[in-house]
Amino acid sequence: MPKIKRTYGFPIMHKIVQPASSGKVEVEHFELSKGFVQHEKQMSSFRGGDGWLWVSGLKAGVYTRMTEGGTCWMSDTWMERYTNAAMLKAARGDVLVAGLGIGMVAVALCRKREVKSVTVLEINADVIKCIAPQ
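Residues numbered from 1 in each chain as written. Predicted model: local features only at pLDDT ≥ 70, side-chain atom pairs only at ≥ 80, totals over all residues. Heavy atoms only, no water.

Caption draft 1: Structural view of the side chain of Arg-81. Within the secondary structure, Arg-81 sits in helix α3 (residues 78–90). Note on Arg-81: relative accessible area 3%, which makes it buried. Within the local environment of Arg-81, its side chain forms a polar contact with the backbone oxygen of Pro-11, the two atoms lying 3.0 Å apart. (Helix = DSSP H or I, 4+ residues; strand = E, 2+ residues; numbered from the N terminus. Buried < 20%, exposed > 50% of the residue type's maximum accessible area, 1.4 Å probe, protein only. Polar contact = N/O pair within 3.5 Å; in protein donor to acceptor, adjacent residues only side chain to side chain.)

Here's what the structure looks like:
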């Protein structure tokens, strides 16, 4: 199996965004241990279907996630990067982003030379309070 690039041009968010909370929105760092990753990769062979894709890019390390009322909205794990990679690669000119999340997409777009401007629409004021100041 070929080696998988895990950042896809996106920043490592725990180095940029600090834990914060506002209302029901919480931003936190979390760690995937080597033991957890190893276990998930071993168990994927029993799950069948496309489960292997989810675990194939897992890497132990520190990540950032945003939750609202305990439900995860966004993280900077491998799958989140993977599912946004094509968008980042294609982005040019003036870009409109629906939802700020942890800011991973907005930061990556702002760092890209081909992108002239980035406008982010965010409906939840608590998300903005947690992320925008950073």
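Caption draft 2: A look at the nonpolar core. Among the nonpolar cores identified, the biggest contains 21 residues, and Met-66, Leu-109 and Ile-131 are the most heavily contacted of them. Within the residue set of this core, elements represented by two or more residues are β2 (25–32), β5 (93–98), α4 (104–110) and α5 (125–131). The element contributing the most residues to this core is α4, with four residues. In this view, Leu-109 contacts Met-87, Leu-88, Ala-91, Val-95, Val-97, Val-115 and Val-118; residues no more than four positions away in its chain are not counted. (Core = buried A, V, L, I, M, F, W, Y, C linked by side-chain atoms within 4.5 Å. Contact = heavy atoms within 4.5 Å.)

Caption draft 3: Structural view of the sheet that holds strand β1 (residues 20–22). Spatial ordering of the open sheet is given by β1-β2-β3-β4, a layout of four strands whose pairing is antiparallel. Each having just a single partner strand, β1 and β4 (71–75) make up the two edges of the open sheet. Going across the sheet, the axis of each strand differs from the next one's by a mean of 35°, ignoring polarity. Relative to strand β3 (residues 61–68), β2 is paired through eight bridges, and the arrangement is antiparallel. Residue pairing in the sheet places Glu-31 in a bridge with Val-62 of β3. (Pairing = 2+ DSSP bridges. Axes fitted to C-alpha atoms, helices over the stretch in contact; angles between N-to-C directions.)

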